Each structure stands twice: as C-alpha cells, then as structure tokens.
Amino acid sequence: MSVARAIDQNTERRAHTPSLLQRIWRARGLYLLLLPTIGGMILFQYYPALRAFWGSFQSWDGRRAHYIGFYNYTYFFSDPRLLQSWVNIFLLLIFNVLSLAAPLLVAYLIYRLPNNSHRYLYRVLVVLPVIVPGFVFIVLWRWLFSVDGGINVILRVIGIDSHIVWLGRADTALGSLMFMGFPWVDSFTVLILLAGFIAIPHEIIDAALVDGATGWRRFRNIELPQISGQMKVLIILTFIGTVQDFGRPLFMTKGGPGWATMVPGLRMYYSFTQESQYGYASAVGVVLFVIILILTLINQRLIRGSEG
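Residues numbered from 1 in each chain as written. Predicted model: local features only at pLDDT ≥ 70, side-chain atom pairs only at ≥ 80, totals over all residues. Heavy atoms only, no water.

From N to C terminus, the protein chain includes 17 helices and two strands. The buried share of the protein chain, taken over its 308 residues, is 32%. Considering only contacts in the protein chain between residues 6 or more positions apart, those separated by 24 or more positions represent 63%. Distance between charge centroids for the protein chain: 7 Å, based on 25 positive and 15 negative side chains. (Helix = DSSP H or I, 4+ residues; strand = E, 2+ residues; numbered from the N terminus. Buried < 20%, exposed > 50% of the residue type's maximum accessible area, 1.4 Å probe, protein only. Contact = heavy atoms within 4.5 Å. Lys, Arg positive; Asp, Glu negative; His and termini not counted. Charge placed at Lys NZ, Arg CZ, Asp CG, Glu CD.)

Orientation of helix α12 (residues 202-210) relative to helix α13 (residues 215-226), taken along the N-to-C sense of each, is 165 degrees, at an axis distance of 11 Å. Here α13 runs roughly antiparallel to α12, going by the angle between their axes. The two elements α12 and α13 meet at a crossing, and its hand is right-handed. Residue-level contacts link I204, I205, A208 and L209 of α12 to R218, I222, E223 and Q226 of α13. Classifying every residue of the contact of α12 with α13 by side-chain character gives five nonpolar, one polar and two charged. (Axes fitted to C-alpha atoms, helices over the stretch in contact; angles between N-to-C directions. Parallel < 35°, antiparallel > 145°, perpendicular 65-115°, else oblique. Left-handed = near helix turned anticlockwise from the far one by under 90°. Nonpolar A, V, L, I, M, F, W, Y, C, P; charged D, E, K, R; others polar.)

The next thing to look at is the layout of surface pockets. Of the pockets and cavities examined, the largest pocket occupies roughly 1400 Å³. Lining the largest pocket are 37 residues, and of these F137, M180, G181, D186 and R248 sit closest to its centre. When residues of the lining of the largest pocket are traced back to their parent elements, those giving at least two are α5 (80-98), α8 (134-144), α10 (173-179), α11 (187-198), α14 (228-244) and α15 (247-252). Residues belonging to the lining of the largest pocket are distributed by class as follows: 25 nonpolar, nine polar and three charged. Size it by volume and the second largest pocket reaches roughly 370 Å³. A49, A52, S282, G285 and V286 are, among the 16 residues lining the second largest pocket, the residues nearest its centre. (1 Å grid on protein atoms, 1.4 Å probe; cavity = no way out; pocket = protein on both sides within 12 Å on 5 of 7 lines; lining within 4 Å. Points joined across faces, edges and corners; volume = space filled by probe spheres on them.)

Among the nonpolar cores identified, the biggest contains 19 residues, and L104, A107, Y111, L193, F197 and I227 are the most heavily contacted of them. Broken down by secondary-structure element, the contributors of at least two residues to this core are α6 (101-111), α11, α12, α13 and α14. In terms of residues, this core owes the most to one element, α6, which gives five residues. If we ignore the near neighbours within four places in the chain, the residues touching L104 are L193, F197, F219, L224, I227 and M231. (Core = buried A, V, L, I, M, F, W, Y, C linked by side-chain atoms within 4.5 Å.)

Rendered as structure tokens:
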C-alpha cells in the first residue's frame, strides 16, 4: 500500500511540475532584459568572429571577395615576416615564463615578513604601479632606450661610453622589449602568489618545522608544491597574454628594425591596416584564436584541478 501511495505522490508531483516553456514564460521579464545583451554580443562579437573565419578562406580587399580555399593558410609557410614573428614570440614566451621567478621571490619575501603591518605596507607598494596608465609606461621606456635616455646615461656614469640606439638595432631591439618592466614584478602576479602562500595551512608549516625543514628545504619541499596550482595558472595566463600582445612592439618599434620584433598579432594588424590583405589577416587571426582557445581550455582545466 505504501509503495502504491508513493507512486501516486510521484505522479501527482510530476503533474504539477511546470514544463520548460512554462518556466520560460513565467520568467519572461528576465529573458527580455537579457535580449539586448545577447543581441549586442551576437552583433558585435560572434558575427565578426564568424565573418573573419569565413573571410580567411577568401581573397578579400574590403570590396570584392572570392573563395580561394586554404591558400591564406598555406601562405603561412612562405611569409618570411610571419615566420620570423613566430620565432620572436617563442623567445618572448620563454623569457616571460622565466621572469615569473621575480614576482615569486617578491611574494615569498612578503609572505615571510614577521610583522603583519609591514606585510600590508609592502603589498600596497607592490600594487601602487597599477594606477600608472599603460601609455605612460611605454613612453617612459621609449625614453629610457633612446640615445640620450636613462640607460645610456647610467652606462656613461659607470664609465661605459654608450650611445646605443637600443630599439633601432636588430641585435638589441628584441632584448630591449624583454627588458621592459624591469624588475618584472607584476602586481597581479605577486598578489596571486602571495594569496597562495598565505592559504597554506599552518599545520603543514608546523609539521615541516618539527621535521627540521627550514630555509631552502622548506620552500622547495613544502611551500612551492602548495602553490603549484597558482603557478600553473599563471604560466598559462602568461602564454595567453604573450600570444595576444602586440601593443609593445607596435608602439616601441613598429615591428622593426626589419622584422626583428615582429610578432603574429602585429603581422595580422599590418596585413589588415597597411596591405589590405583582409583574408590573410583573418587567417592569422583564426590561428591565434585557436592557439589562445586551447591555452584557455588548459587554463580552465588547471583551475578546476587546483580547486579539487
């Protein structure tokens, strides 16, 4: 009897459960409020992306277009500027990943400060550069790299007669872009790493101290593995940011001298704005999109893994 009653109650509950269309109709006000946002995203984000994808298979100068298949993609392997840009971006990727050691060191030193007020003070000092606009940052470094700029002045003060045009020579331009931002202590990165250090349970640290793990052993065997999730995420974000970025080469060197500082994003920009090769620029953009999408998916997987 109890089983039959339970079946009847379940049937009755299903009968009173509204269908999907009924639930949508009841929340129609919310859906109507979302329509302008979704419409704007479709018009200004999804449609241009799909249009660029289709344009990558066309020879398109902005007025006439005709289908040429995979020619724009095969041209990758004969475009010397794009090939050089991949070499440059690879070198920048290696350097940017290795430079994560600087914010890691700063975050660890702040974490080990015994005084909480001092720890707060140094956190504020690390965050303060965020208020400086990016354009001011670029203008400052352009002056530093000029013939009469700060770097050559410092070299002359210490006895080295330097009149190098750092951004105007093929052998120093890319290295100069890497040197920008010295000592490479990014506020965002420091805060993420510092939060990871602070989140380490005190029980683990106390157990390590009892076992005699101090100094370098404590950092290598206990603390660094505890922030491996943050390190993985930051490495992927560094990859994504480096692949996306073409602002520094554009404003600092315009990709020169020659192609010494050309990167894929800048090659795409020039193909579109200066050479009117819209189809080829779209193809480069599609390849960059695929690379960044893969890195983003890896980043999301790492985030879920670190949370688990």
